[in-house]
Amino acid sequence: MASAPTTPAAKLAAGTGDFFDTRIGAGKLVKEFARKVFPDHWSFMLGEIALYSFIVLLLTGTFLAVFFVPSMTEVHYPEDALPVTMRGVEMSEAFASTLHLSFHVRGGLLMRQIHHWAALLFMASIVTHMMRIFFTGAFRKPRELNWVVGFTLMILGLLAGFTGYSLPDDVLSGNGLRIADGVAKGIPIIGSYVSFLLFGGEFPGTVIIPRLFTAHILLVPGLILALVAVHLILVVVHKHTQYPGPGRTNRNVVGYPLFPVYMAKAGGFFFVVFGVLAIMGATLSINSIWNYGPYDPSPVSAGAQPDWYMLFLEGALRLMPGQTEFVTWGGYTVSLNILVPGVVVPGILFTSLAVYPFLEQWASGDKREHHLLDRPRNVPTRTGVGVAILTAFIILALAGSNDIIATHFHLSINEITWVFRVLFLVGPFIAFMVTKRMCLALQRRDRELVLHGYETGRVVRFASGEYIEVHQPLTDAERWVLVQHEPARPLEIGSAENERGVARPGYKKLQRRQKVSNFFFADRVEPVTPAELAHAHDSHGASAVEGADDHASLARPERESLEAGSGAQH
Amino acid sequence: MVKALAGARRSRFAPVLLMLLALLAVGGVYAIAAPTPAAADTSSPDQIAEGQKLFQANCASCHGMSAEGRDGIAPSLIGVGSAAVHFQVSTGRMPMAASAPQAPAKPPQFTAAQTKALAAWVATLGPGPSSPTAEQVDASLGDAANGMLVFRTNCAMCHNAIGAGGALSQGKFAPSLFHTTPQQIYEAMLTGPQSMPVFNDANITPEAKRDVIAFLMEQRADNASPGGANLGAIGPVSEGMWVWIVGMGALIAAAVWIGAKSS
């Protein structure tokens with residue numbers, strides 16, 4: 001402290017600051033974090049939605065845990081309690097306590113509904129955030145591991161959702177548990193042991209609710225909290241990515257400091273998220289368990305579905321033909337009708353997501369760090385793959401809703417199912433090809449824009465009788481965004497033999513790698529080079545007398561910026 | 001006297017007489033023991049005559065002049081009873097407007113009195129289940145909690161947990177029960193229209209049927225959806241749709257606003 005504080009308030013602040021600084025190094029922390037720069041873009045806030053809905057989940061979940069009784073002891077619901085349709089009905093304590101906290105605890109139903117909406121929003125924002133990361137290539141070096149952390153968080157989110165959905169012990173969630181039990185039993189050899197291990201005996205048993213409770217309020221959220229910490233620390237370590245633009249490079253971050261701008265923005269956004277969830281919880285009913293009644297293994301109602309993020313599994317089960325179950329020699333049943341949709345399909349979907357960053361890096365051979373994001377159109381194959389995975393996911397989710405689609409659109413459920421069966425097999429390929437072609441076409445449009453500028457619609461006639469349309473050139477900033485990227489090219493692997501004519505070891509492996517690389521990067525549109533731009537302008541200058549002055553005045557700076565840009569890229 | 005009786009025993013008319021007496025006894029016991037169709041007896045001859053006229057003008061083209069039915073077109077209505085007629089006509093399912101996987105409900109074509117007349121005439125063709133009494137369908141006398149248990153064991157797999165409706169095979173469907181009257185609900189259980197199984201009084205007792213009605217009426221009470229808008233009461237699919245539209249929609253809009261302000 002160079003100059004002593006004068007007012008009492010300043011003295012108090014200085015004293016407090018000094019206390020923490022000398023004990024936990026607060027000054028350094030504040031200096032480090034308060035000046036951290038974050039770039040501005042709406043899509044950078046999708047992960048925040050997930051974080052904030054998780055905080056809301058912790059807050060409301062704590063409230064619910066105070067009143068919820070995780071027990072499968074059979075009780076009779078009191079005759080004088082609400083709702084009317086449950087009076088005197090035999091049920092588990094878990095179900096009874098959920099009814100009690102919904103109808104007889106002040107604010108209980110609101111808390112339950114906010115909690116459930118927040119869970120749905122948590123998964124929705126995770127998926128949307130993941131899409132943003134995927135399509136902009138934010139998973140590239142050095143962030144591959146953080147992608148894996150995020151992927152694990154998504155899986156944990158699914159687990160948290162599924163365990164929570166099952167806790168009230170109503171018919172609907174019991175149906176879901178029964179499917180989980182069926183999938184476990186479908187695993188060859190160890191299936192029935194797995195099922196007995198999970199349920200402590202034959203389904204449903206009397207221990208699954210307490211076990212799910214432990215997983216739901218301790219194990220899974222604990223893991224999520226720990227991984228969220230890792231996820232965020234890695235964001236700080238790597239610094240935030242940014243979209244390409246003038247002045248933005250792989251070596252800087254252009255944006256606003258955490259304090260005060262992002263403290264206000266992010267802090268305010270928390271309240272927006274909480275507010276939206278509170279409004280949804282207050283006005284839209286969700287999971288009205290008294291509609292389904294307490295769990296009983298016999299009834300299944302029409303329209304029995306899991307929450308949306310598990311709907312793809314339900315859809316896979318509904319699409320799979322039942323004839324694929326058979327009995328082998330020795331009398332063992334192989335349930336491919338459950339194994340394929342319950343284990344293989346999600347396995348492929350999830351594994352391809354988890355390993356994608358490593359696969360793409362292997363195919364491109366690009367080991368450089370990337371802090372500038374890709375525009376999705378500039379990486380057509382990746383964008384196509386992403387859309388294909390999403391298409392498969394969406395088709396499965398729709399197939400999981402086939403009965404709802406049938407009743408609401410007056411269609412035949414059998415026909416819907418057949419359409420989805422075909423779509424699931426061909427849809428992702430069509431989506432891939434269409435998306436890839438659209439990306440290439442958009443890149444060509446970008447090239448056109450850079451070379452010729454915007455069409456103004458102003459047609460000019462020259463003295464010679466020639467008509468031309470005047471094109472308005474792009475500004476330097478606009479042009480920079482369209483030409484800054486460097487497309488990945490397929491790997492060059494050289495010849496099969498070395499200079500002495502001897503076959504190179506490992507060449508076969510290299511050839512396979514090149515094949516993958518070709519799949520990813522063979523089709524591409526190169527961005528406009530400075531030479532091409534100069535050439536385009538020269539040929540214009542010859543005829544476009546009207547625009548010649550504009551062009552001449554802009555030609556120099558943009559060429560300089562392009563050169564500087566290409567220099568910075570390497 | 002005894003001799004005369006012994007002689008009559010060998011009379012050639014004796015077996016016929018005995019058979020008649022036996023039939024009379026069985027019929028008499030049945031008439032006393034069998035449940036009497038409560039509403040059937042209230043129909044007057046005028047009503048029956050009107051019903052026949054209405055039937056011949058509106059239904060006979062498919063079902064035949066005396067409701068005997070026509071192969072591959074329409075079933076015989078002899079013995080279906082007044083409950084079936086009242087259900088089909090009062091929900092607008094009959095007369096059918098066009099061929100479809102199943103007859104859809106539509107605004108009824110006949111007034112309540114005409115429907116009653118039609119039912120009365122068809123009931124005269126042969127004995128069948130008759131429409132329930134007002135007491136049998138009075139939801140306030142039923143036990144909604146027991147109705148819930150009966151409903152979810154027998155009805156929910158097609159009609160959804162609280163009767164929002166559900167899909168059946170090949171374009172058929174179990175309709176929503178949110179606007180069906182108590183009498184129609186009772187008649188549907190009793191007669192099993194279209195794809196629906198018959199739930200006779202041995203399957204579900206009349207009291208249990210009334211409990212089901214009480215459970216379904218509970219879904220229409222003012223406080224039936226204490227959590228707010230019920231989103232169609234079809235469960236997690238519509239909830240998932242709304243979290244994307246309302247939740248993600250509003251928050252992405254907010255993010256665009258926050259992200260755009262300073263740039």
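The name an unreviewed UniProt entry gives chain A is Cytochrome bc1 complex cytochrome b subunit, with Miniimonas arenae as the organism. UniProt annotates chain A under Subcellular location (unreviewed entry) with the comment "Cell membrane". UniProt lists a comment for chain A under the heading Cofactor (unreviewed entry), and it reads "heme".

Asks: Quick rundown of the state of the cysteines? Include the residues and the values.
Replies: Throughout the structure, instances matching the rule amount to 0 disulfides over all chains. Of all cysteine sulfurs, the one in B:Cys158 lies closest to B:Cys155, which takes part in no disulfide; the gap is 8.9 Å.

Asks: Give a description of the pairing of strand 7 (residues 454-461) of chain A that names residues and reports values.
Replies: Residue and element names in this part refer to chain A. Pairing between strand 7 and strand 8 (residues 467-472): 6 bridges, direction antiparallel. In the strand pairing of strand 8, tyrosine 454 is matched with glutamine 472. What sits between the antiparallel neighbours strand 7 and strand 8 is a turn of 5 residues, in which glycine 465 has the positive phi angle 100°.

Asks: So what about the side chain of A:Gln305? Which residues, and what values?
Replies: Residues and elements named next belong to chain A. The residue glutamine 305 is located in the loop between helix 11 (289-292) and helix 12 (311-319) in this model. Accessibility expressed as a relative area gives 1% for glutamine 305, which makes it buried. Among the polar contacts listed, one links the side chain of glutamine 305 to the backbone oxygen of glycine 400, at a separation of 2.9 Å.

Asks: Which residues make up the UniProt feature "transmembrane region" (unreviewed entry) in chain A, and what are the values?
Replies: Residues and elements named next belong to chain A. According to UniProt, the positions carrying the feature "transmembrane region" (unreviewed entry) are residues 49-69, 114-135, 147-167, 213-237, 269-290, 338-359, 379-398 and 418-435. Split by type, residues 269-290 is 77% helix and 0% strand. Its first and last C-alpha atoms lie 34 Å apart. Summarising residues 379-398: 95% helix, 0% strand, and an end-to-end C-alpha distance of 28 Å.

Asks: I'd love a proper account of the domain arrangement of chain A, names of residues and values included.
Replies: Residues and elements named next belong to chain A. Assigned domains of chain A: these are domain 1 (39-374) and domain 2 (375-492 + 506-540). Computed from C-alpha atoms alone, the centre-to-centre distance between domain 1 and domain 2 is 32 Å. If you look at the interface, domain 1 gives 39 residues, while domain 2 gives 35 residues. Across the interface of domain 1 and domain 2, roughly 3100 Å² is buried in total on both sides, 70% from carbon and sulfur atoms. When the buried surface of domain 1 facing domain 2 is broken down by residue, Phe135, Leu319 and Trp362 rank first, second and third, together holding 22% of it. Ionic pairing is found between glutamate 486 and arginine 368, a salt bridge with its closest N-O pair at 3.4 Å. Viewed at the interface, domain 2 and domain 1 are joined by 13 residue pairs in polar contact (both at pLDDT 80 or more). For the side of domain 1 that touches domain 2, the elements supplying multiple residues, two or more each, are helix 5 (108-135), helix 12 and helix 13 (336-364).

Asks: Tell me what's going on with the pattern of salt bridges, and back it up with residues and numbers.
Replies: Residue and element names in this part refer to chain A. Counted according to the given criterion, the structure contains 22 salt bridges over all chains. Salt-bridge contacts for aspartate 374 lead to arginine 140; the nearest nitrogen and oxygen are separated by 3.1 Å. Of this pair, aspartate 374 sits in the loop between helix 13 and helix 14 (380-400) while arginine 140 is found in the loop between helix 5 and helix 6 (144-166), placing the two residues 234 residues apart along the sequence. In this structure, arginine 375 and aspartate 446 form a salt bridge, with 3.1 Å as the shortest nitrogen-oxygen distance. In this pair, arginine 375 is assigned in the loop between helix 13 and helix 14 and aspartate 446 in helix 16 (residues 413-452), connecting sequence segments 71 residues apart. Look at aspartate 446 and you get buried, because its relative accessible area is 4%. Linked through salt bridges whose partners overlap, the residues forming this network are Arg140, Glu360, Asp374 and Arg382.

Asks: Tell me about the interface of chain B and chain A, and name the residues and values.
Replies: With 52 residues of chain B at the contact, the number on the chain A side is 62 residues. When the two sides are added together, the surface that chain B and chain A hide from each other amounts to roughly 4500 Å², 71% of it contributed by carbon and sulfur. The tally of links between chain B and chain A comes to 1 salt bridge. Ionic pairing is found between A:Asp296 and B:Arg152, a salt bridge with its closest N-O pair at 3.9 Å. Applying the counting criterion to the chain B and chain A interface returns 10 residue pairs in polar contact (both at pLDDT 80 or more). The set of elements that each furnish at least two residues to the side of chain B that touches chain A consists of helix 7 (144-154), helix 8 (156-159), strand 1 (166-167), helix 10 (206-218) and helix 11 (236-260) of chain B. Among the elements that line the side of chain B that touches chain A, the one with the most residues is helix 11 of chain B, at 18 residues. Broken down by class, the residue content of the side of chain B that touches chain A amounts to 32 nonpolar, 17 polar and 3 charged.

Asks: Report on the domain arrangement of chain B, specifying residues and quantitative values.
Replies: Residues and elements named next belong to chain B. One can read the domain layout of chain B as domain 1 (40-125) and domain 2 (139-218). Surface buried jointly by domain 1 and domain 2 totals about 1100 Å² across both partners, of which 56% is contributed by carbon and sulfur atoms. Joining domain 1 to domain 2, the criterion identifies 6 residue pairs in polar contact (both at pLDDT 80 or more). Taken together, the residues that form the side of domain 1 that touches domain 2 break down as 5 nonpolar, 5 polar and 1 charged.

Asks: Go over helix 1 (residues 8-24) of chain A, please, and point to the residues and values.
Replies: Its 17 residues place the ends of helix 1 of chain A 24 Å apart at the C-alpha level, agreeing with the 24 Å of an ideal helix rising 1.5 Å per residue. Positioned one or two residues after helix 1 of chain A, A:Gly25 has a phi angle of 65°, which is positive.

Asks: Can you lay out the nonpolar core for me, pointing to particular residues and giving the numbers?
Replies: Among the nonpolar cores identified, the biggest contains 103 residues, and A:Trp117, A:Ile224, A:Phe269 and A:Trp308 are the most heavily contacted of them. Looking at which element gives the most residues to this core, the answer is helix 5 of chain A, with 15 residues. When residues are assigned to domains, this core turns out to be shared by domain 1 (39-374) and domain 2 (375-492 + 506-540) of chain A, each giving three or more. Setting aside residues no more than four positions away along its own chain, A:Trp117 makes contact with A:Leu277, A:Met280, A:Gly281, A:Leu284, A:Ser285, A:Ile286, B:Leu231, B:Glu239, B:Trp242 and B:Val243.

Asks: Can you explain helix 7 of chain B? Please cite residues and give values.
Replies: Buried residues of helix 7 of chain B: B:Ala144, B:Ala145, B:Gly147, B:Met148, B:Val150, B:Phe151 and B:Arg152, and no others. Buried residues along helix 7 of chain B sit against helix 7 (171-186) and helix 11 of chain A together with helix 8 and helix 10 of chain B. Two or three places before B:Ala145, at the opening of helix 7 of chain B, B:Asp143 has a side-chain oxygen 3.1 Å from that residue's backbone nitrogen.

Asks: Lay out the packing of helix 5 of chain A against helix 14 of chain A with the relevant residues and their values.
Replies: Residue and element names in this part refer to chain A. Interaxial distance between helix 5 and helix 14 falls to 9 Å at its minimum, and their mutual angle equals 155°. Taken together, helix 5 and helix 14 sit at an angle that is classed as roughly antiparallel. Mapping the contact onto sequence places Met131, Phe134 and Phe135 in helix 5 and Arg382, Thr383, Val385, Gly386, Val387 and Leu390 in helix 14. Residues that form the contact of helix 5 with helix 14 fall into these classes: 6 nonpolar, 2 polar and 1 charged.

Asks: Could you give an account of unusual backbone geometry, naming the residues involved and the relevant values?
Replies: Here the residue pair A:Phe203 and A:Pro204 is connected by a cis peptide bond, since its omega of -5° sits within 30 degrees of zero. Within the secondary structure, A:Pro204 sits in the loop between helix 8 (191-199) and helix 9 (208-238). In this structure, the amide linkage connecting A:Phe259 to the following residue, A:Pro260, adopts the cis form with an omega of 5°. By the secondary structure assignment, A:Pro260 is in helix 10 (residues 258-283). At A:Asp169, a residue that is not glycine, the phi angle is positive and equals roughly 65°. Note that A:Asp169 resides in the loop between helix 6 and helix 7. Not every positive phi belongs to a glycine, and B:Ala67 is a case in point at roughly 60°. Looking at where B:Ala67 falls in the secondary structure, it is placed in the loop between helix 4 (60-63) and helix 5 (81-90).

Asks: Explain the packing of aromatic side chains to me, using residue names and the numbers behind them.
Replies: Residue and element names in this part refer to chain A. Following the criterion strictly, the structure yields 30 aromatic pairs over all chains and no others. Relative to phenylalanine 269, the ring of tyrosine 52 lies with its centre 6.2 Å away and its plane at 75°, an arrangement referred to as edge-to-face. Taken together, the positions of tyrosine 52 in helix 3 (residues 46-67) and phenylalanine 269 in helix 10 put the pair 217 residues apart, joining distant regions of the chain. Overall, tyrosine 52 belongs to the buried group, its relative accessible area being 9%.

What counts as what
Residues numbered from 1 in each chain as written. Chains lettered and ligands numbered in written order. Predicted model: local features only at pLDDT ≥ 70, side-chain atom pairs only at ≥ 80, totals over all residues. Heavy atoms only, no water. UniProt positions renumbered as here; feature names shortened; annotations may be inferred. Disulfide = S-S within 2.5 Å. Pairing = 2+ DSSP bridges. Helix = DSSP H or I, 4+ residues; strand = E, 2+ residues; numbered from the N terminus. Buried < 20%, exposed > 50% of the residue type's maximum accessible area, 1.4 Å probe, protein only. Polar contact = N/O pair within 3.5 Å; in protein donor to acceptor, adjacent residues only side chain to side chain. Domains from an automatic or database assignment. Contact = heavy atoms within 4.5 Å. Buried area = accessible area lost by both parts, 1.4 Å probe. Salt bridge = Lys/Arg side-chain N within 4 Å of Asp/Glu carboxyl O. Nonpolar A, V, L, I, M, F, W, Y, C, P; charged D, E, K, R; others polar. Expected span 1.5 Å × (residues − 1). Core = buried A, V, L, I, M, F, W, Y, C linked by side-chain atoms within 4.5 Å. Axes fitted to C-alpha atoms, helices over the stretch in contact; angles between N-to-C directions. Parallel < 35°, antiparallel > 145°, perpendicular 65-115°, else oblique. Phe/Tyr/Trp six-rings, centres within 6.5 Å; stacked < 30°, edge-to-face > 60°.

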